[in-house]
Amino acid sequence: MNKDIATPIRTKEILNKYGFSFKKSLGQNFLIDPNILRNIVSHANLTKDSGAIEVGPGIGALTEHLARAAKKVVSFEIDQRLLPVLEDTLSPYDNVKIVHSDILKADVKKVIDEEMAGIEDIMVVANLPYYVTTPILMKLLNDRLPIRGYVVMMQKEVADRITAKPGTKEYGSLSIAIQYYVTAEVAMVVPKTVFMPQPNVDSAVIRLIRHDAPPVNVISEDFLFEVTRASFAQRRKTILNNLQSGLPSGKEKKQLIIEALESNGIDPTRRGETLSIEEFGKLADALYPHFGNGQ
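Owing to the predicted nature of the structure, the values given are computational and were not obtained by experimental measurement.

Cut-offs and rules
- Residues numbered from 1 in each chain as written.
- Predicted model: local features only at pLDDT ≥ 70, side-chain atom pairs only at ≥ 80, totals over all residues.
- Heavy atoms only, no water.
- Buried < 20%, exposed > 50% of the residue type's maximum accessible area, 1.4 Å probe, protein only.
- Helix = DSSP H or I, 4+ residues; strand = E, 2+ residues; numbered from the N terminus.
- Arc of directions from axis to C-beta.
- Contact = heavy atoms within 4.5 Å.
- Polar contact = N/O pair within 3.5 Å; in protein donor to acceptor, adjacent residues only side chain to side chain.
- Domains from an automatic or database assignment.
- Buried area = accessible area lost by both parts, 1.4 Å probe.
- Salt bridge = Lys/Arg side-chain N within 4 Å of Asp/Glu carboxyl O.
- Nonpolar A, V, L, I, M, F, W, Y, C, P; charged D, E, K, R; others polar.
- UniProt positions renumbered as here; feature names shortened; annotations may be inferred.
- Pairing = 2+ DSSP bridges.
- Phe/Tyr/Trp six-rings, centres within 6.5 Å; stacked < 30°, edge-to-face > 60°.
- Lys NZ or Arg CZ within 6 Å of the ring centre and 35° of its normal.
- Core = buried A, V, L, I, M, F, W, Y, C linked by side-chain atoms within 4.5 Å.

Novice: Before we go on, may I ask you to explain helix α2 (residues 34–42) in this structure?
Specialist: Those residues of α2 not exposed but buried are Pro34, Ile36, Leu37, Ile40 and Val41. An end-on view of α2 places all buried positions within 160° of arc, on one side of the element. Turning to α2, the residues buried within the fold contact β1 (30–31), α3 (61–69), β5 (121–127), β6 (149–155), β7 (182–190) and β9 (203–210). Between a side-chain oxygen at the N-terminus of α2 and the backbone nitrogen of Asn35 the separation is 2.9 Å; the capping residue is Asp33.

In structure tokens form, the structure reads like this:
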């Protein structure tokens with residue numbers, strides 16, 4: 001068994017060897033607790049036939065645990081300074097491919113086709129850079145990749161919003177945008193103390209497993225998300241007021257909005273956070289003829 005990268009002593013040795021300094025702009029916080037890493041990987045239920053995609057491997061702390069558990073690991077790293085470090089730290093593993101690329105600009109589908117041919121079970125497992133957690137998740141979900149699910153670490157506050165249920169203060173358009181594609185649960189909360197440097201916030205690992213089919217069938221997914229974003233624009237306002245403000249010509253078409261709400265049994269004085277994704281789906285379809293498709 002190779003000596004774990006993710007211990008405080010080994011991490012410091014590697015950083016000193018390469019004279020590496022953390023870039024705040026890249027949200028670099030490296031994990032220094034092997035038990036946490038083993039726990040993260042266990043939530044992904046990988047086998048020797050699985051593939052793992054990682055974003056932001058840092059010095060390879062999580063990558064090596066993935067390499068031990070999976071058939072193939074493909075890891076996207078944006079910071080060129082880390083490439084020689086990773087080549088060194090991951091040299092014991094021949095099943096890891098580091099892609100020097102910004103995940104937000106990468107053609108992930110093409111990389112999967114090239115690097116994971118024949119692998120049918122693929123999970124994203126990553127300690128995501130906190131400043132771009134949501135854009136990364138939304139890109140991967142929107143790209144309709146052949147991925148079973150995601151086990152990803154992020155700021156606890158964002159994790160709470162992603163996994164929130166209707167009627168809670170954390171529930172919002174982000175909860176709906178993600179839960180449209182996957183079931184979402186917090187797998188574990190991670191203290192600040194297991195990172196170097198320590199972040200200012202607590203972290204959480206969430207587990208997202210792709211739905212076989214979306215929880216609601218809608219005419220237009222884009223319009224569903226437009227309606228949910230408008231519905232949460234000002235949380236203290238009623239859904240009617242938010243839709244009037246947030247939809248094009250909403251004020252002139254107030255009566256149409258009221259009819260769409262009432263025909264689906266939604267009281268116009270309710271707030272967005274009380275509506276389930278199913279209710280939003282019905283509402284979006286009722287509004288679509290009047291506001292969707294460039295109306």
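Moving on from the model shown.
Novice: What exactly am I supposed to notice about the domain arrangement of the protein here?
Specialist: One frequently used descriptor of interface size is the decrease in accessible area upon assembly of the parts. Taken domain by domain, the protein comprises domain 1 (8–210) and domain 2 (221–292). Taken over both partners, the interface formed by domain 1 and domain 2 buries close to 1000 Å², and the fraction arising from carbon and sulfur atoms is 64%. Of all residues in domain 1, the largest losses of buried area upon contact with domain 2 belong to Tyr171, Ile176 and Tyr180, amounting jointly to 49% of the total for that side. Across the contact surface, domain 1 and domain 2 share one salt bridge. With a shortest N-O distance of 2.6 Å, Glu221 and Arg144 are connected by a salt bridge. Remark: the boundary between domain 1 and domain 2 carries six residue pairs in polar contact (both at pLDDT 80 or more). In terms of residue class, the side of domain 1 that touches domain 2 is built from six nonpolar, five polar and two charged.

Novice: So what exactly am I meant to see when it comes to the UniProt feature "binding site: S-adenosyl-L-methionine" (unreviewed entry) in the protein here?
Specialist: Here the UniProt-annotated "binding site: S-adenosyl-L-methionine" (unreviewed entry) positions come out as Asn29, Leu31, Gly56, Glu77, Asp102 and Asn127. Relative to the assigned elements, Asn29 resides in the loop between α1 (8–18) and β1. Not counting chain neighbours up to four residues away, the residues in contact with Asn29 comprise Asn127, Phe195, Met196, Pro197, Gln198 and Pro199. Note that Asp102 resides in the loop between β4 (96–100) and α5 (108–115).

Novice: How should the pairing of strand β2 (residues 50–55) be read in this particular structure?
Specialist: In regular strands, side chains alternate between the two faces of the sheet. Extensive coverage of β2 is indicated by the burial of six of its six residues. What you see with β2 is no split at all: Ser50, Ala52 and Glu54 on one side and Gly51, Ile53 and Val55 on the other are buried throughout. For β2 and β5, the ladder comprises four bridges, and the chain directions are parallel. For Ser50, the partnering residue across the bridge sits in β5 and is Asp121. Relative to strand β3 (residues 72–77), β2 is paired through five bridges, and the arrangement is parallel. When the bridges of β3 are listed, Gly51 appears paired with Lys72.

Novice: For this particular structure, what's the right way to read the environment of Gly58?
Specialist: Relative to the helices and strands, Gly58 resides in the loop between β2 and α3. Residue Gly58 is classed as buried on the basis of its relative accessible area of 5%. Spatially, the C-alpha atoms of Gly58 and Lys254 are 51 Å apart, while their sequence positions differ by 196 residues.

Novice: I tried to follow the packing of aromatic side chains on my own but got confused; where do I start?
Specialist: Aromatic ring pairs are described here by two measures, namely the spacing of the ring centres and the angle between the planes. For the structure shown, the criterion picks out seven aromatic pairs. One aromatic cluster in this structure is built from Tyr171, Phe232 and Phe280. Across the ring face of Phe291, the terminal group of Lys253 is positioned such that the distance to the ring centre comes to 5.0 Å.

Novice: Would you explain the nonpolar core in this entry?
Specialist: A general trend in soluble globular proteins is that nonpolar side chains are found buried together. Ranked by size, the top nonpolar core spans 68 residues in total, and within it Ile162, Leu243, Leu283 and Leu287 carry the most contacts. The element that contributes the greatest number of residues to this core is helix α12 (residues 277–291), accounting for seven residues. When residues are assigned to domains, this core turns out to be shared by domain 1 (8–210) and domain 2 (221–292), each giving three or more. The contact partners of Ile162, leaving out residues within four places of it in the chain, are Leu137, Met154, Leu174, Ser175, Ile178, Gln179, Ala184, Ile206 and Leu208. Within the second largest apolar cluster, 39 residues are counted, among which are Ile32, Val41, Leu90 and Met123.

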